[in-house]
Structure formats: structure tokens, C-alpha cells
Amino acid sequence: MDKIYFADKFKSHFNAQPRVFRAPGRVNLIGEHTDYNDGFVFPMALNNYTTVAISPRDDRALKIWSENMAEMTAVDLNDNESRRGHWSDYVAGIARMLELESFELPGANIYLESDVPVGAGLSSSAALEISSALALLSTVDGKLSAAELAKLGQRAENQFVGMNCGIMDQFISVHGEKDHALFLDCRTLDYQQVPLPSGQIRVVICNTRVKHELNSSEYNKRRAECEKGVRIMIADFPGIKALRDVSLQQFQQVENKLPDIVRKRCRHVISEDERTLESIDALNKNDLQRFGELMNASHESLRDDYQVSCKELDIMVEEARTLPGVLGSRMTGGGFGGCTVNLVQVNQVENFCAEIEKRYQGATGIAPKIYISSPSQGAHETF
Ligand code: ADP
Ligand code: MG
């Protein structure tokens, strides 16, 4: 969809000519629950975007229409209101963070629409943050570096929305590159664009269409358990700051000092970092078989050690692995529902999509959603 489409939609709500910005959702191929442990992740930007059309106003009001929510809302930039528990918090949070960076924003009319599924673990939240940030910056001709933009999005989500997420989602939404997944060191923010051989494989995302409510309370528990692991292991390995600093071999020397649950959580994160590093090696050698095996091992670790899977995710993964051409299948995102990510040989994709839909529905009674995805460009203005 192009600028004309969004400008027309914008004009059905506001009387002005907008500029139009968009930012993609993402899927993480491997490296799950490692970002807030200073570790490694390997996401790619989706060809699904949140689009924000914007024109400045001469007051200090944000008038925001979300096509997905079919709702108009207003935010007053002058009153120092905090989170409302409403979808507009993501935009208001970005505005607040920009003002804290000394951008003096005018009010704005905003039309937003997304084809990133909302709340499915594909990061519609980061897509909204980053597209809003570019749009609001445009009203003051402001510029931020790509890394600053990602960090600003994360701060909005951490400090304003109140979700203590890592940097991965915002970073890939900014930095995505066509035909590449992005290997990111979440401590240093060093990154590498890694080509995916689109002639051989497709990334297929299967949405379980369930979301168990555990999500954010369990997320905070996992973070605390990881921190506890670091506090205990620091006695043996002085200077470690995060689980990222502990090798699997070091962990095995001291794991019996950790309480049961903490041991499992640490084992997941530490082994997941190693799997992620090995995945990059495998891809660089075009060893797709090995990459798939590592994805499978990631799922087992998330299910058994990190305990963030659920019945529906496990069914989707198990059914996928019985199908021809499937090199790897794992849950992706925070867990407790949401999506699986599957590495499927190109010539089997059609059959895979038809079969997995049938089988998952047969086993759960729920109709899944299947998306064939290709790595896409990060946030940008559309002309
Ligand atoms: P995910 O990032 O996995 O999609 P989150 O719970 O982190 O799930 O973010 C989803 C929330 O982001 C929604 O509940 C809503 O508040 C907000 N959001 C995302 N996309 C839109 C949109 N197009 N319109 C309005 N709100 C949106
Ligand atoms: Mg999110």
C-alpha cells in the first residue's frame, strides 16, 4: 500500500496533506529471552508494517485515529499525564520521550493503521513506537541516529507504557534490511546483517491465536530469576554483569549451587546465547539443516527450562516437525501463546501452510493464522 492510499484515509479524518511513515513488526529466528540478559538475538523485520500519517497542528493536541481500534483519541502534550492504560500510551510515550530529548513538538493529527497482527508476539508495539517517533520527529524536522531512535522507543515502552522489554524489537524495526536477518549483540548494540537464502527457504509464521494472561507477570519473574543467577554465580566468577558473561562450561562448574528453578532459567539463557552464535556460523556456511536443529533445540529449552511455552505452541511445533521440508520449528516471542517460527524449504511451503492449518485446528479446535514472511526494510518515510 502506498502513500496515496494513506493520504486518502488520513483525509477522511483530517483536513490536511500528511507525511507518511512506516515501521515493521518482527519475528525472532533464535535468541529468545536473551536480550534483557545482555545476550544475542537474531530477528528479521516482517513485510508487515504499522503506518502513521501525520500533519502538524497549531495547538498542542495529538488527535489520533487508529484504524485497527476504530477509535479517535486525544492527548494533550501540555499536561504531564502519565499512562492511561490505553493504546494511545505508545504514541504519548514517544512524544514524552522526544520532549525529554528537547524536541519541542507541536500538536499533530495522526492516522495510524497496521497489518502487523496486534498482540500476537510480532511486536506491533515496537512498530507503533518507531513509526510514531519518525512521524513526530518530522513535525520539527528532527533527526535521531538509528540506534538512538531504537533506544527512544524502548524507553517509551519501559518508562511510559510500563513494559520492561529489551531493545530487540525496536532495534530490528529500525534496522531491518531486505533479504537479511539481523544478528544483534544486545549489550554493545553491534550488529551484522546476515543474508537469508530466499531461493532455498521461507520463514513461515504460525499464529496459535491464543494469548494466556500470564505474560507480563511471568516475564518479570523470569527477569528476577536471571538476576538471581548472576548474583549467586558472581561469587565464583567475579566481574560478571549478566548471564551473557557466563559460558556454558563455566555454568556447568557451578550449577549445583543454584536453586532448581534459577538453574533451569540460567541454563536456558546461557545455552540459547551459544545456539544463537552457532546459528550465525551455520548460516554463513549455508548449513540450513544445522540452523534448523538449533531452532528446534531452542524450543525444547524454552519449553522445559524457561517454561514459557504452552500447550498450543507445543502442538503447533510438533505438528510442523512431522511435515516434509521443515528444517526447524520453535515458539517465538515472549511465549504463553502467540506464534511459532518455521524454516521451510521453498518447494514445500504451499503444502506446509495447508497441512499445518488443518492439523492445528484438528488438535485444538482453533483456526490458526499462517504468514509466509520475507525479511524486509526497516522504518522509513513512504513517498
Ligand atoms: P505485540 O507487540 O506482540 O503485538 P503488545 O502487547 O506488546 O503485543 O502490544 C500490543 C499493544 O500495542 C496493543 O494492545 C495496543 O495497545 C498497541 N497497538 C499496537 N498496534 C496498534 C494499532 N495499530 N493501533 C492501536 N494500538 C496499537
Ligand atoms: Mg510488544
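This report concerns the structure included in the present document.

Reading guide: rules and limits
- Residues numbered from 1 in each chain as written.
- Chains lettered and ligands numbered in written order.
- Predicted model: local features only at pLDDT ≥ 70, side-chain atom pairs only at ≥ 80, totals over all residues.
- Heavy atoms only, no water.
- Pairing = 2+ DSSP bridges.
- Helix = DSSP H or I, 4+ residues; strand = E, 2+ residues; numbered from the N terminus.
- Expected span 1.5 Å × (residues − 1).
- Buried < 20%, exposed > 50% of the residue type's maximum accessible area, 1.4 Å probe, protein only.
- Contact = heavy atoms within 4.5 Å.
- Near = heavy atom within 4 Å.
- Polar contact = N/O pair within 3.5 Å; in protein donor to acceptor, adjacent residues only side chain to side chain.
- Areas by Shrake-Rupley, 256 points an atom, 1.4 Å probe, with all protein chains shown as cover.
- Nonpolar A, V, L, I, M, F, W, Y, C, P; charged D, E, K, R; others polar.
- Salt bridge = Lys/Arg side-chain N within 4 Å of Asp/Glu carboxyl O.
- Lys, Arg positive; Asp, Glu negative; His and termini not counted.
- Axes fitted to C-alpha atoms, helices over the stretch in contact; angles between N-to-C directions.
- Parallel < 35°, antiparallel > 145°, perpendicular 65-115°, else oblique.

**Side note on the sheet that holds strand β8 (residues 191-195)**
Strand order in the open sheet formed by three strands is β2-β7-β8, and the pairing between neighbours is antiparallel. Strands with a single pairing partner mark the edges of an open sheet, and in this sheet they are β2 (40-41) and β8. In the sheet, β2 pairs with strand β7 (residues 180-185) via two bridges, with the strands oriented antiparallel. The residue bridging F40 from the neighbouring strand is D185, located in β7.

**Things to note about helix α11 (residues 349-364)**
For α11, with 16 residues, the first-to-last C-alpha span of 22 Å sits near the 22 Å given by 1.5 Å per residue. By the burial criterion, the buried members of α11 are V349, F352, C353, E355, I356 and Y360. Where α11 is buried, its residues touch β9 (201-211), α10 (311-321), β10 (326-332), β11 (337-345) and β12 (369-373). Just downstream of α11 lies G365, where phi reads positive at about 80 degrees.

**Some words on the side chain of S376**
One can find S376 in the loop between β12 and β13 (380-382). The exposure class of S376 is buried, given its relative accessible area of 8%.

**Some remarks on the site of ligand 1**
Close to ligand 1 lie 18 residues; S66, G119, G121, S124 and S125 are nearest. At 2.8 Å, a side-chain N or O of S66 approaches a nitrogen atom of ligand 1. Here an oxygen atom of ligand 1 and a side-chain polar atom of S125 are 2.9 Å apart. Coverage of ligand 1 by the protein chains reaches 82% of its 570 Å² of free accessible surface. At the level of secondary structure, the elements contributing two or more residues to the shell around ligand 1 comprise β6 (108-114) and α3 (124-138). Per-element accounting of the shell around ligand 1 gives the leading share, three residues, to α3. The residue makeup of the shell around ligand 1, split by class, is nine nonpolar, eight polar and one charged.

**As for the pattern of salt bridges**
Inspection of every chain in the model, using the stated rule, returns 28 salt bridges. The salt bridge partner of R290 is E293, with a shortest N-O separation of 2.8 Å. Of the two residues, R290 and E293 both sit in helix α9 (residues 288-304), three residues apart, roughly one turn of that helix. Accessibility expressed as a relative area gives 29% for R290, which makes it partly exposed. The partly exposed category is assigned to E293, whose relative accessible area is 40%.

**Topic: the side chain of K3**
Structurally, K3 can be placed in helix α1 (residues 3-11). No salt bridge is formed by the buried K3; its nearest oppositely charged neighbour, E381, is found at 5.4 Å. When neighbours within four sequence positions are excluded, K3 is seen to be in contact with Q17, P18, R19, V20, T382 and F383.

**Let's talk about the environment of K257**
Inspection of the secondary structure puts K257 in the loop between α7 (248-254) and α8 (260-284). Judged by its relative accessible area of 49%, K257 falls in the partly exposed class. Sequence spacing of K257 and R231 is 26 residues, and the spatial spacing of their C-alpha atoms is 12 Å. Aside from chain neighbours lying at most four places away, what touches K257 is I232 and D236. A polar atom in the side chain of K257 sits 2.9 Å from the side chain of D236.

**Some words on the packing of α8 against α9**
For the pair α8 and α9, the least separation of the axes is 9 Å and the interaxial angle reads 170 degrees. Accordingly, the angle class assigned to the pair α8 and α9 is roughly antiparallel. Across the interface between the two elements, K264, H268, S271, E272, R275, E278, S279, A282 and L283 of α8 pack against L288, R290, F291, L294, A297, S298, S301, L302 and D304 of α9. Residues belonging to the contact of α8 with α9 are distributed by class as follows: seven nonpolar, five polar and six charged.

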